[in-house]
Amino acid sequence: MLIDSRRKRVVCAVESKLWRSEDHARTKGRLPCVRDQFLYLSPFQSTSMNFNSAIWFLTGAMLLYVIRRYTTAKKTSVAQRTILVTGASSGIGREIAKQLAARGASLILVARRLELLEEVCRDCQRLGAPSVVPCTVDLTSDHAPVAMLNAIQKCSVDGNLFMAFFNAGLGGISPLDSCDMSGTMQMARNLMEVNYFANVRAVHQLLPRMCQTGRLVFVSSVSGVITTPNRTLYCASKFALQGFCNALRTELRSTHRRIGVTVACPGLVRTEFHEKVLTNGTVSPKRDDKGFMSSEECARQIVEAAVMQQDELIMTWSAWLGYLVRPLFPRLVDDLAARKAAASVKH
């Protein structure tokens, strides 16, 4: 006990001398106070250091994931495979069908307008599609899935579907309180019926016919990940589709089914889609194509994402950055998105 007490006194004396010498050196401007740097580090400073370390770690992990994901992914061949495309009579759907035909896929093209659909079928046959089956049907009708199943039987040898591109959609630009309740609810129902319920109905019927290594591809919008004013109802329909796709993907994985789900989110694309947008007369989309992506380039990226087995494709850098940053700075991202959206409409 005596030795221990002497040892404690010696240690205390040495520590006291070290602190005094350090204080003396610090007052002379020769040494920063070690206690201020380490012993009295505030909890906020410690948290900040941990937060910065976490940010660097997550950034490195994301970069590693991206490198591994896109350098090791196997490219799927669609040659001689049966693929269904909705909204194939014009715009993005037409270009998707033509690019799949050039890759040697057998196609089932779904649309309402027979004349335009037959023209697309002829183009696909010239591009090398072994088989092209038109399916003229309104996707919002209850018998639409039955018509698509019958088309699959005609086109596919084994009656199975390898891929399905759900491209049909409807746009809407209108302030929420710009018309009466009945008009607002009617627009909301129309948008949800085309952009969400029609896809749910089709997937429910087509899923048993999908190959075990097949893929469902949904053409959504950047409005499904970033909200903008004057498109409240449209954003709601696309957010519903986005949630459906993400949940379906995890559901199929949890049941050990190898059917993949790809959701593509294009921005402004140069098609007739903007000419058929639902409006109430107060606002409408601008007709100039400044900053618009071509439908050919948009379709190319979507098809490439599907054959590369990519889960999600956000097709503009601004939307991609906003998607990542918004959890940290929601008001900043919303303000920037509102400015960009305001430039695409006219009052």
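Think of each chain on its own: its residues are numbered from 1, step by step along the sequence as written. Reporting of local features is limited, given that this is a predicted model, to residues whose pLDDT is at least 70; pairs of side-chain atoms are given and counted only at 80 or more, and all residues count toward the totals for whole chains, interfaces and linings. To obtain the side-chain values, all non-hydrogen atoms of the structure were included, while hydrogens and water were left out.

Draft legend 1. Focus on the sheet that holds strand β4 (residues 161-166). Read across the sheet, seven strands follow the order β3-β2-β1-β4-β6-β7-β12 without closing on themselves; strand pairing throughout is parallel. Across the chains shown, the open sheet's two edge strands, defined by having one partner strand only, are β3 (132-136) and β12 (312-314). Direction aside, the axes of adjacent strands within the sheet are offset by 15° on average. Paired strands, as defined in this entry, are two strands with at least two bridges between them according to DSSP. The numbering of helices and of strands both runs from the N terminus, where a helix is a DSSP run of H or I of at least 4 residues and a strand a run of E of at least 2. With three bridges connecting them, strand β1 (residues 82-86) and β4 associate as parallel partners. Among the inter-strand pairings, I83 is bridged to a residue of β4, identified as M163. All axes are obtained by fitting lines to C-alpha atoms, using only the stretch in contact for helices, and the reported angles, taken between N-to-C directions, cover 0 to 180 degrees.

Draft legend 2. Focus on the side chain of K238. Note on placement: K238 falls in helix α8 (residues 232-254). Despite its burial, K238 pairs with no opposite charge; the closest candidate is E312, at 13 Å N-O. Note on classification: 1.4 Å probe, protein chains only; a residue is buried when its accessible area is under 20% of the maximum for its type, exposed when over 50%, partly exposed between these limits. A positive count includes Lys and Arg, and a negative count includes Asp and Glu. His and the chain ends are not counted in either. Should a side-chain nitrogen of Lys or Arg be within 4 Å of a carboxyl oxygen of Asp or Glu, the pair is scored as a salt bridge.

Draft legend 3. Inspection of the nonpolar core at higher detail. We define the nonpolar core as a collection of buried residues of types Ala, Val, Leu, Ile, Met, Phe, Trp, Tyr and Cys that are connected through side-chain atoms lying within 4.5 Å of one another. If you look at the biggest cluster of nonpolar residues, it comprises 42 residues, and the most contacted ones within it are L216 and F218. It is helix α6 (residues 144-155) that contributes the most residues to this core, six residues altogether. In this structure, L216 is in contact with A164, F166, V203, L207, M210, L248, I259, G260, V261 and T262, ignoring residues within four places of it in sequence. With 38 residues, the next largest nonpolar core counts A88, A105, L109 and V132 among its residues. By the convention used here, residues are in contact when the closest approach between their heavy atoms is within 4.5 Å.

Draft legend 4. Layout of the packing of aromatic side chains. Between rings of Phe, Tyr and Trp, where Trp is taken as its six-membered ring, a pair exists when centres lie within 6.5 Å; planes separated by under 30 degrees are stacked, by over 60 edge-to-face, and by other angles tilted. Taken as a whole and judged by the stated rule, the model has five aromatic pairs. A centroid spacing of 6.1 Å and a plane angle of 85° characterise the contact between Y196 and F244, whose relative ring orientation is edge-to-face. Note that Y196 is positioned in helix α7 (residues 181-206) and F244 in helix α8, a separation of 48 residues in sequence. Where F218 meets F244, the ring centres are 6.1 Å apart and the plane angle is 90°; that geometry is what we call edge-to-face. With F218 in strand β6 (residues 210-219) and F244 in helix α8, the pair connects residues that are 26 residues apart, well separated along the chain. The same class applies to F218 as to F244, namely buried. Counting every residue linked through ring pairs, the aromatic cluster contains F166, Y196, F197, F218 and F244. For a lysine, the NZ atom is tested; for an arginine, the CZ atom; a charge sits over a ring if that atom is within 6 Å of the ring centre and within 35 degrees of the ring normal. Against the face of F162 rests R81, its NZ or CZ located 4.1 Å from the ring centre.

Draft legend 5. View of the pairing of strand β7 (residues 260-265). Of all six residues making up β7, six are buried, and the element is well covered by its neighbours. Of the two faces of β7, the one lined by G260, T262 and A264 and the one lined by V261, V263 and C265 are each fully buried. Traced from β6 through α8 to β7, the parallel crossover comes out right-handed. For a crossover, the right-handed case is the one in which the path from the first strand over the helix to the second runs clockwise, viewed with the strands pointing away from the viewer.

Draft legend 6. Region of the structure containing the packing of helix α4 (residues 91-102) against helix α5 (residues 114-127). At a minimum axis separation of 8 Å, α4 and α5 run at an interaxial angle of 25°. Compared by their axis directions, α4 and α5 come out roughly parallel. Crossing of α4 against α5: the hand is right-handed. Contact with α4, carried on its side by R94, A97, K98, A101 and A102, involves E119, V120, D123, C124 and L127 of α5 and no other residues of that element. Should an angle fall under 35 degrees it is taken as roughly parallel, and over 145 as roughly antiparallel, whereas 65 to 115 is taken as roughly perpendicular and any remaining angle as oblique. Two helices crossing with the near one rotated counterclockwise from the far one by less than a right angle form a left-handed crossing, whereas a clockwise rotation gives a right-handed crossing.

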